[in-house]
Every structure is written in C-alpha cells, then in structure tokens.
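Structural description and commentary
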Amino acid sequence: MPEAVCLKVPKKLGELAIRLVAELDLFNRNLQIHQTEGSLYIPLTVDLSYDAFSVFEKSLSKYELSVHNFVEREKRHLVPADFLADTLPPDLLVLIPRAIDFVGDIAIVEIPAELIDYKNAIGEAILKAHKHVSTVLAKSGAVEGIYRIRDFEVIAGDNKTATLYREYGCTYYVDVAKAYFSPRLSTEHNRVALAVKAGETVVDLFAGVGPFVVPIAKKHPNVKIYAVDVNPDAVAFLKRNVALNRAEKQVVPIVGDARQIVQEQLLGKADRVIMNLPETSLEFVDVACKALKPEGGIIHYYCFVNDSGPLKTAKTQLTQAVTQNKRQVKEFLLAKSVREVAPYTWQVVLDAKIQ
Ligand SMILES: C[S@@+](CC[C@H](N)C(=O)[O-])C[C@H]1O[C@@H](n2cnc3c(N)ncnc32)[C@H](O)[C@@H]1O
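Thresholds applied
- Residue indices follow the written sequence of each chain, beginning from 1 at its first position.
- This being a predicted model, a pLDDT of at least 70 is required before a residue's local features are given, and a value of 80 or more before pairs of side-chain atoms are given or counted; all residues contribute to the totals for chains, interfaces and linings.
- Side-chain metrics rest on all non-hydrogen atoms present in the structure, leaving aside hydrogens and water.
- Numbering goes from the N terminus for both helices and strands, where a helix is a DSSP run of H or I of at least four residues and a strand is a run of E of at least two.
- In this setup the radius of gyration rests on C-alpha atoms only. A globule is expected at 2.2 Å times the number of residues raised to 0.38.
- Only protein chains enter the area calculation, which uses a 1.4 Å probe; residues under 20% of their type maximum are buried, those over 50% are exposed, and those in between are partly exposed.
- We call a set of buried residues a nonpolar core when its members are Ala, Val, Leu, Ile, Met, Phe, Trp, Tyr or Cys and they connect through side-chain atoms within 4.5 Å of each other.
- Only heavy atoms matter for contacts: two residues are in contact if any of them lie within 4.5 Å across the pair.
- For two strands to count as paired, DSSP must find a minimum of two bridges between them.
- Only the stretch in contact is used when a helix axis is fitted, and all axes are lines through C-alpha atoms; the angle between N-to-C directions ranges over 0 to 180 degrees.
- Only a single heavy atom is needed: when it lies within 4 Å of a molecule or strand, its residue is near that molecule or strand.
- Any pair of N or O atoms that falls within 3.5 Å is considered a polar contact. Within protein, one atom must be able to donate a hydrogen and the other to accept it, and sequence-neighbouring residues count only if both atoms are side-chain atoms.
- For every accessible area listed, the method is Shrake-Rupley and the probe measures 1.4 Å; residues are considered covered only by the protein chains on display.
- Residues were grouped as follows: Ala, Val, Leu, Ile, Met, Phe, Trp, Tyr, Cys and Pro as nonpolar; Asp, Glu, Lys and Arg as charged; and all remaining residues, including Gly, as polar.
- Our arc is simply the arc of the directions from the helix axis toward the C-beta atoms.
- Each reported salt bridge corresponds to a side-chain nitrogen of Lys or Arg within 4 Å of a carboxyl oxygen of Asp or Glu.
- Here the limits of each domain have been adopted from an automatic or database domain assignment.
- Defined in terms of a 1.4 Å probe, buried area is the accessible area two parts forfeit on being brought together, summed over both.

Attention shifts here to the overall build of the chain. Looking only at helices and strands, one finds 10 helices and 17 strands in the chain. Taken over the C-alpha trace, the chain has a radius of gyration of 28 Å; the compact-globule value for 355 residues is 20 Å, which it surpasses by more than 25%. With respect to the three principal axes, the spread of C-alpha positions in the chain is 90 × 40 × 40 Å. Put simply, the chain has 355 residues, and 48% of those count as buried.

Below, the structure written as structure tokens:
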C-alpha cells in the first residue's frame, strides 16, 4: 500500500474537503479515499502550497495534514472523451461516438453532424485512447451499390484504408474502402464455420473477402468451398486471404454474379449455401435452391427486417420463396436477430434445412 500525504477531516466535513481538494487540483486519483468511523483521509498529489493551505484554513473548521497508507484504485481505461474534456463543451462531449469498429489497426467511427468541426480532434483522441490504432476513419456515406461499400475520410493517423485483421485465429487482408467487411459479424463467421460437417461442399454466394470461407476451410480440411462475389477487388482479397491462411486447396474463388455463376457452374453441388447479402437475399433464394444438391441441404440466410416480429416475418418470407422454387423448408435449425442495424430494423439469420 503506497504512502501519501493526505488531508484528514471529520466525516461531516468530507464532502466540502473533497470539493476543495478537487478544485485545487490536488486530489491523487490513483489512490482510494480512506474512511474510519469518524474521519476521512483524502490522498493528495503534492505537498501543499501556501495558497492551498490558506483555503483549508479559511474553509475547514477542523483538518489535519498527515501521511497515510492508501489502497490503489483500479486503473480505468481512458476513453476518447477523457482527452477532449478541455476542448469540447459538456453538451457536445456526451455526443462523442462510443461505438467504434476496430479492424486491425484501423478504427472506424460515425461522427454526428454536431461534431463535424471537431472530427480531427476526435480522431486524435481515439489514437490516444487506443494505442494499437494507427488510422481513424470517419464514415462519410452509407453502404451502397452492388459491392456494398461506403466512402471513408481519414480523420487522424496514417492515410490508409487497408490493414491486416485477425478473427478467431484467421488472418485477413482487408481494404474497407474497396470491399465490404464488418467485424460486427465475427461471432456469426465462427458459428457457421462450426456448423459445417466433414466432407461437405459449401457455396458462399456473396463471399466478400472471405470471413465465412476462410474459417470453414481452416477448421475442416476435407470441405470444398466455392466462394463467389461480383466485386473483383473482394475476390482479389479473398484469394490473398485464402493463401494467407493456407486454404488454397479447398477454396475455389469465382468473380461474377451469383445467379449466373450458379447457373453455369454450381447447379446441384452444395450441401450448404451461405447468403450474406441481407438487403436483397430474398431475391436470390431461387439461386440458393438451385445450388443445393437435389436431396437438399442447409441455407444460412441473412436478411434485414423492419418489423416488430422480425423472426416470424423472415421465416414466412423464406418459406414462401423456397416453396415457389419447388423445395421445402423442412426445419428452421436457428432463427435469431444478429443486431439492430437501424431503429426497428434487425439483421436476422435463419439456418434452414431444405428438402
Ligand atoms: C454484405 S457483403 C458480405 C460479404 C461477406 N460475406 C461478409 O460477410 O463480409 C455482400 C457481398 O455480396 C457481393 N454481391 C452483391 N451482389 C452480388 C451478386 N449478385 N453476386 C455475387 N456477389 C454479390 C458484394 O460485392 C459484397 O461483397
């Protein structure tokens, strides 16, 4: 227990004494205030100046300066707002984004309109609070277009959008400005990989840079995976990631539109189909049905639902679409909301056993 100079006061003067010590910037925040039945011991950072002395003399009817042993406080991890307390007024301080996506050494934030003038200061504060971060990107648009990518602005640190990212023992090279990637689905990537069985053939219709494909290949050496994406950059990163994780023998990367690729190369091949294109996956259920083996298999179906009963709605939509394609949903193995993507809009995943 470290020893420190302290201000000892009767308990009834405790609140006033703590306030005075804080105002004089003398409070030793690394140590815990000590209490006995009648007294409070407030640890101080430095020996007292004459001014501090006279404030205590004037304000406290009874006090003592002494030396005491104190328990150390647990160190709190500093957050970006801690570094901006002197820069931003309190009403803006509370708006500093708490949700930060970390992709390797890149931090991604959404800056609220009220804080636009402070975006670089916020970026610098994020660099200070998170020592492993070397670039801070602000989202400067929505996820858009067929490639599902968005624009970013570098607000602090190195001028880059590409990095290495590790997730459940797999390594990925990602460029968040060129191909879709979200660390928010990491649990799903791992869950689906664990569900795959030995000897299966898997088709990922919207594979991106490979966050479903790579862990499946790594966990199951005798599983073959066809990984399709329409974005040539995504497939270039996917190839690199497959090589980084030594899964070249199992993965067949294919650039192209999933509908056309299945029709030309993948009819009736799959035991399992992954469909992570939540905005429009319903329009591709026929493609997934065609990719499945004639005897059926499993579809991991991701969708967005803007509804108070998202799971029920998603199940009804998928069941109807599967039936229209002369297949049947035999059973839902799983139905869950993965995350809320906007007020009252959920990303839902269904694992459906199809006959
Ligand atoms: C939401 S991202 C998901 C990527 C990846 N599965 C993941 O979880 O990170 C959807 C991906 O589908 C691709 N895509 C969109 N339309 C497509 C289509 N018709 N055929 C193949 N890929 C498509 C986009 O380029 C994008 O990489």
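By size, the foremost hydrophobic cluster in this structure holds 36 residues, and its most contacted members are Ile216, Ile225 and Val251. Counting residues per element, the ones that place at least two in this core are strand 6 (106-109), strand 10 (170-175), helix 5 (186-195), helix 6 (213-219), strand 12 (224-229) and helix 7 (232-244). The greatest single-element share of this core, amounting to five residues, is contributed by helix 7. Sequence-distant contacts of Ile225, that is, excluding residues within four places in its chain, are made with Val202, Val213, Ile216, Ala217, Gln250, Val251 and Val252. If you look at the next biggest cluster of nonpolar residues, it comprises 34 residues, including Ile254, Ile261, Tyr301 and Val329.

Strand order in the open sheet formed by four strands is 5-6-7-8, with mixed pairing between adjacent strands. Each end of this open sheet is capped by a strand with a single partner; those strands are strand 5 (101-103) and strand 8 (152-157). Each strand of the sheet is rotated relative to its neighbour by a mean of 30 degrees, with strand direction disregarded. Across four bridges, strand 6 lies against strand 7 (residues 135-139) in parallel orientation. Following the sheet pairing, Ile106 is matched in strand 7 by Thr135. Strand contacts of helix 4 (residues 119-129): strand 6, strand 7 and strand 8, with the helix running at about 60 degrees to strand 8, the strand carrying the most contacts.

Attention shifts here to unusual backbone geometry. In this structure, Arg148 takes a positive phi of about 55 degrees despite not being glycine. Phi at Tyr344 is positive, roughly 65 degrees, even though this residue is not glycine. Here Tyr344 is to be found in the loop between strand 16 (329-342) and strand 17 (345-354).

In this section: the site of the ligand. Taken together, 20 residues sit near the ligand, with Phe206, Asp229, Asp257, Ala258 and Asn276 positioned nearest. Here an oxygen atom of the ligand and a side-chain polar atom of Asp229 are 2.7 Å apart. For the ligand, a nitrogen atom lies 2.9 Å from a polar atom in the backbone of Ala258. If the ligand stood free it would expose 600 Å²; the protein chains cover 98% of that surface. By residue class, the composition of the shell around the ligand is 12 nonpolar, five polar and three charged.

Looking now at helix 8 (residues 258-266). Of all the positions in helix 8, only Ala258, Ile261, Val262 and Leu266 are classed as buried. The buried residues of helix 8 occupy an angular sector of 100 degrees when projected down its axis, which confines them to one face. The secondary structure elements touched by the buried residues of helix 8 are strand 11 (201-204), strand 12, strand 13 (251-255) and helix 9 (285-291). Of the residues trailing helix 8, Gly268 is marked for its positive phi of about 65 degrees.

Strand order across the open sheet formed by four strands is 2-3-1-4, with antiparallel pairing between neighbours. Strands at the two margins of the open sheet, each flanked by one partner only, are strand 2 (34-35) and strand 4 (64-69). Those strands touched by helix 1 (residues 14-23) are strand 1 (3-10) and strand 3 (39-43), and its axis lies near 10 degrees from that of strand 3.

The subject of this paragraph is the pairing of strand 13. Pairing between strand 12 and strand 13: five bridges, direction parallel. Bridge assignment links Asp229 to a residue of strand 13, and that residue is Val255.

What follows concerns the pattern of salt bridges. Pairing between side chains of opposite charge can happen when their charged atoms approach one another. With the rule as written, the count across this model stands at 13 salt bridges. A salt bridge links Glu279 to Arg148, with the nearest nitrogen and oxygen atoms 2.9 Å apart. Here Glu279 is found in the loop between strand 14 (272-275) and helix 9, whereas its partner Arg148 is found in the loop between strand 7 and strand 8, with 131 residues between them in sequence. The exposure class assigned to Glu279 is partly exposed, which follows from its relative accessible area of 37%. Arg148 sits in the buried class, given a relative accessible area of 18%.

Let us look at the domain arrangement of the chain. Partitioning the chain into domains gives domain 1 (3-69), domain 2 (80-160) and domain 3 (184-354). When each unit is reduced to the centre of its C-alpha atoms, the spacing between domain 2 and domain 3 is 31 Å. Taken together, the contact pairs five residues of domain 2 with six residues of domain 3. Summed over both sides, the interface of domain 2 with domain 3 buries roughly 520 Å², with 52% coming from carbon and sulfur. Counting the surface domain 2 buries against domain 3, the share from its top three residues, Asp101, Tyr147 and Arg148, is 73%. Seen at the junction of domain 2 and domain 3, the total is two salt bridges.

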